[in-house]
Amino acid sequence: MSIRIALAGNPNSGKTSLFNAITGAMQKVGNWGGVTVEIKEGITSVNGTRVTVIDLPGTYSLSAFSEEEQVARDYLVKEKPDVVINVIDATNLERHLYLTVQLMEMGIRPVLALNMWDEVTAKGDSIDLKQLQALLDVTAVTTSARNRTGIDQLMLKAIEQAANNNKEVSILSVRMPEELEQSITAVEKSLKEHFPDLSQHRWYATKLFERDKTIEKIIENQPGAPLIRAQRNESDILITKRLGDDPASLIAESRYGYIAGIARETIVKGKQHRIEVSDQIDVVLTHRFWAYPIFIIFMWLLFQATFKLGEYPMGWIESLVGWLQEFASSTLPAGVIRDVIVDGIIAGVGGVIIFLPNIMILFFGISIMEDTGYMARAAFIMDRLMHRIGLHGKSFIPMIMGLGCSVPAIMAARTLESRNDRIKTILLTPLISCSARLPVFVLFAGTFFPKHAGNVVFLFQVVFSFGAFILMAILFKHTLFKGCADNPFVMELPPYRLPTVRSVLIHMWHKAEHYLQKMGGVVLLFSVILWWAGSYPESPAIEKEYDSKIASINTTGQLSSEQREARIAELQTEKSAKLLEQSYIGRVGHIFEPLVRPFGTDWRGAVSLITGFVAKEIVVGSMGVLYSAGTEGAEESDVLRAKLKEHFTPLSAFAFMLFVLLYTPCIVAFITIIRELKNWKWSAFSVCYQLIFAFSTATIVFQIGKLLGLQ
Amino acid sequence: MTADTLTSTLEDYLEAIFNIIATSKVARSMEIADKLNVKRPTVTVALRSLADKGLINYEPRSFITLTEEGKRIAHCINKRHHILKDAFVEVFGLQETEAEDAACKMEHGMSTRLCQKITSLLQTIREDKALAQKLKTKMAQSEDGILCERNCLYSQNGSGSKNGKDSAQSDLNLIKPGKSGFITRILGKGELKRRLYEMGITNGQKITVVKAAPLDDPIEVKVRNYNLSLRREEAANILVEPE
Ligand SMILES: Nc1nc2c(ncn2[C@@H]2O[C@H](COP(=O)(O)OP(=O)(O)OP(=O)(O)O)[C@@H](O)[C@H]2O)c(=O)[nH]1
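Residues numbered from 1 in each chain as written. Chains lettered and ligands numbered in written order. Predicted model: local features only at pLDDT ≥ 70, side-chain atom pairs only at ≥ 80, totals over all residues. Heavy atoms only, no water.

### Remarks on the domain arrangement of chain B
Accessible area lost when the parts come together is the quantity often used to give the size of an interface. All names here are of chain B. You can read the domains of chain B as domain 1 (1-143) and domain 2 (170-242). Using C-alpha coordinates to define each centre, domain 1 is positioned 27 Å away from domain 2. Contact residues are listed per partner, giving eight residues for domain 1 and 10 residues for domain 2. Between domain 1 and domain 2, roughly 690 Å² of surface is buried when both sides are summed, and carbon and sulfur atoms account for 69% of that area. Among the residues of domain 1 in contact with domain 2, T9, T42 and V45 are the three that bury the most area, contributing 53% of the side total. Scanning the region where domain 1 abuts domain 2 turns up one salt bridge. Taking the shortest distance from any N to any O, the salt bridge between E233 and R48 comes out at 4.0 Å. The tally of links from domain 1 across to domain 2 stands at zero residue pairs in polar contact (both at pLDDT 80 or more). (Domains from an automatic or database assignment. Contact = heavy atoms within 4.5 Å. Buried area = accessible area lost by both parts, 1.4 Å probe. Salt bridge = Lys/Arg side-chain N within 4 Å of Asp/Glu carboxyl O. Polar contact = N/O pair within 3.5 Å; in protein donor to acceptor, adjacent residues only side chain to side chain.)

### Describing the packing of aromatic side chains
Within the structure shown, the criterion is met by 24 aromatic pairs over all chains. Plain terms: the ring middles of F449(A) and F654(A) are 6.2 Å apart, the flat faces sit at 85 degrees to each other, and that makes the pair edge-to-face. One end of the pair, F449(A), is in the loop between α21 (438-448) and α22 (453-478); the other, F654(A), is in helix α30 (residues 650-662), with 205 residues separating them in the sequence. Between F599(A) and F695(A), the ring centres sit 6.2 Å apart and the planes meet at 75 degrees, which makes this aromatic pair edge-to-face. With F599(A) in the loop between α26 (584-596) and α27 (603-611) and F695(A) in helix α32 (residues 680-707), this residue pair connects regions lying 96 residues apart in the sequence. Residue F599(A) is classed as buried on the basis of its relative accessible area of 1%. Above the face of the Y496(A) ring, R377(A) is positioned so that its terminal group lies 4.2 Å from the ring centre. For R224(B), the ring lying beneath its charged end belongs to Y256(A), and the centroid distance is 3.9 Å. (Phe/Tyr/Trp six-rings, centres within 6.5 Å; stacked < 30°, edge-to-face > 60°. Helix = DSSP H or I, 4+ residues; strand = E, 2+ residues; numbered from the N terminus. Buried < 20%, exposed > 50% of the residue type's maximum accessible area, 1.4 Å probe, protein only. Lys NZ or Arg CZ within 6 Å of the ring centre and 35° of its normal.)

### Things to note about a nonpolar patch on the surface
Residue and element names in this part refer to chain A. A surface patch of nonpolar side chains, amounting to about 420 Å² of accessible area, comprises I297, F298, W300 and L301. Inspection of the secondary structure puts L301 in helix α13 (residues 291-309). Among the residues examined, L301 registers a relative accessible area of 45% and is labelled partly exposed. (Patch = residues over 30% accessible without salt bridge, like charges linked within 9 Å, V, L, I, M, F, W, Y side chains within 5 Å. Areas by Shrake-Rupley, 256 points an atom, 1.4 Å probe, with all protein chains shown as cover.)

### So, the pairing of strand β6 (residues 219-223) of chain B
Residues and elements named next belong to chain B. The buried fraction of β6 is high, at four of five residues. Bridge count for strand β5 (residues 206-212) against β6 is five bridges, and the pairing is antiparallel. Bridge pairing links I207 to V223 in β6. Joining the antiparallel neighbours β5 and β6 is a turn of six residues, in which D216 adopts a positive phi near 80 degrees. (Pairing = 2+ DSSP bridges.)

Given below as structure tokens:
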């Protein structure tokens, strides 16, 4: 035998924790609204019964106005799970029962899991279970997902319920004010007449009064729909006039009224009066003066841990990749296959896993912030500032993390609940200059503005990048997202809780796994393509020419061995430059030259910008090759600096730096954007707007500078 | 639009703007904040709402002027205020400050008819010196009469606070941290309103303002025994009767 059980509940009810406790599966746990957007499945077995458990998104209601609510309701209506377990935070029975009532109005008889029971008893309170079960005519079990108690009992009750499923379930109908009751009954009657196939006509009628768009769509364009709509609208106006409030509010009020009655009958308040520790912590963490210093310290710690601590494992990964490359090139026979494996595949894999330490540490931090409840407070104290530029308080974290690397930063935008906020944040985050762009700024600032190098780097890395972020945010707010009403901020501030090590680790592991699964293939493919474009078509003529030159140096005895080596190195770079120039990338660079001319860069600059798409770090390396300065020493190289001075003026260098700051992020970041936006149009827009923005800014600065006679 | 459809809070704002403009031609949100003794963000929310209703010309960070409609209504409110205050001083013999305060609170609920009646009463007393004297002595003796119950949430005929017009009511932004009120009405519509009552913010429910964020916006409230945060502009839609 096998059954399906769905878990439904409000955000922060402990649904995910319970899911983990039941199935032992790897799953995200967060003290934060709406983290579980996808539907997760897990399998377990109870006394020989195979049980599939489905974790639905956490929702406050089933009115189907947010994505989460829509997903949850669709699943319940269409998939019809055998049993629904309604997870309830027993310390806050009243609000959590609102969802229960809605489930029961749909004709579902849930098994209630009164979760967080440990906290209820710790407070010295209790709930009269017998009474609750009798009043609602449901089964209720007390559980604690944290201490893993009551879970077996819960599963047994759920299976018992599944066995009784064919019994007729009485549909709950909450008593409404008299006039409203009559109107609903009237609409219900018309529905029965015109739509005899629907079941639960009363539920549909109620939903029509709640102005539920999905339900309106179902009856739309059917005979009888205009009549029913007219009937609804008429009663709506009448009721609003008579009772002083619209039906939708009255329905919610009636449900809460019903629930308040149940709560009164069942909650047994203890005598203990404990001071709420949570409130005490809150006094400090959202204090008038201390809130920001504390927040900055937390952000600083998170940042340092993610990027400084992350450097160690990143170093290991790098040397591992290097070792693998060496190993492969020494064991495999020379040829195309070896090149593909060494320079394409291994380098590509290296490019993907190099971010793993950052992502794991960042999400370790984020999940601690979420599980403790601090994340909600961070949004609370930052919202005023972020809302000014049309964003949400929670957008702050992706913004700051962007300073390290856009990839984890974009992933961090998941913590935003509303889709609009998420899109805006993901579009803007790449503008924050990531650490990989730093070498470019160091090189150019050091070369062209040696007296103010530090200030210039700061100007680009911080002032310009945040400036661009704010500017674009405001622009988006007034153009693309104009008219989109701000999503309500209305956000629960859950009590502070100690996170469990287990849930934090599960979360971190889940993120890493997710990243590898989703990214691996695509990035790999792109890396191989880019590698191929950089090394093909092969040009035996150039190779032969330089090989013979090098050979001739080796045979002439006039030079000292040192001079000889220097000459050989010079020829090697020259050869790489030539090879790169005639490769596909080099050709594309030439094609794009007219596009970079307006801001004072030549085809070499164009090629290094294109290679920068693989990873921003590569820009400096490519320039070393292209300007025939050798790759050694990268941004510190004096040779490269001298060469750059031949090809750039301070003004064109400045424009080039602006372009590097603003143009499309690297390929891993780009794939992350596609994955997170899940929408091709927006992803394409993200690339285009950045390219246009970068191009126009760099060009305007360069041209105006030229007009002003700057060099 | 008539003055009756404005909440008392908004009427106060309109009146403040009217008075500031009368003395210095244009008003700035800072002056309004000073005059009404509230924080800047609160003012911004109210101003936006007034601008939406077409009563003021308002662009953030610039001057505020009244539209023709705004002038008309503000004038009405102002007139009601003065009539009431005069009546309190001349008829009931109250001190200036007390009269001012009472007029401020009572001016909002008055219908035009009532206003006219009080005007004619005032007129009569002004014309009849003997009557005025008689009243004065009578009023001076009545200090120790029966105190009236201050709270009258529902008026006799049952329509009561649900019409959103009674004078004791204000929006959530005016409740000081640590204080509570009872929700009398939720304005607006659409997603925000739905979200609010799904979260348990329904009429008659007690709501406590816990604190404001360090920059004064958003605020944290406690309702149905859990904590929730709201932006000021959202809180402006929740009308409450202070406890
Ligand atoms: N004391 C106690 N804490 C719990 C219990 N169950 C979960 N928690 C904590 O409650 C917080 C929220 O748990 P989640 O499992 O993320 O809640 P959720 O309902 O899945 O939330 P979303 O993922 O946001 O929908 C976490 O900090 C958990 O550690 C419990 O039974 N007792």
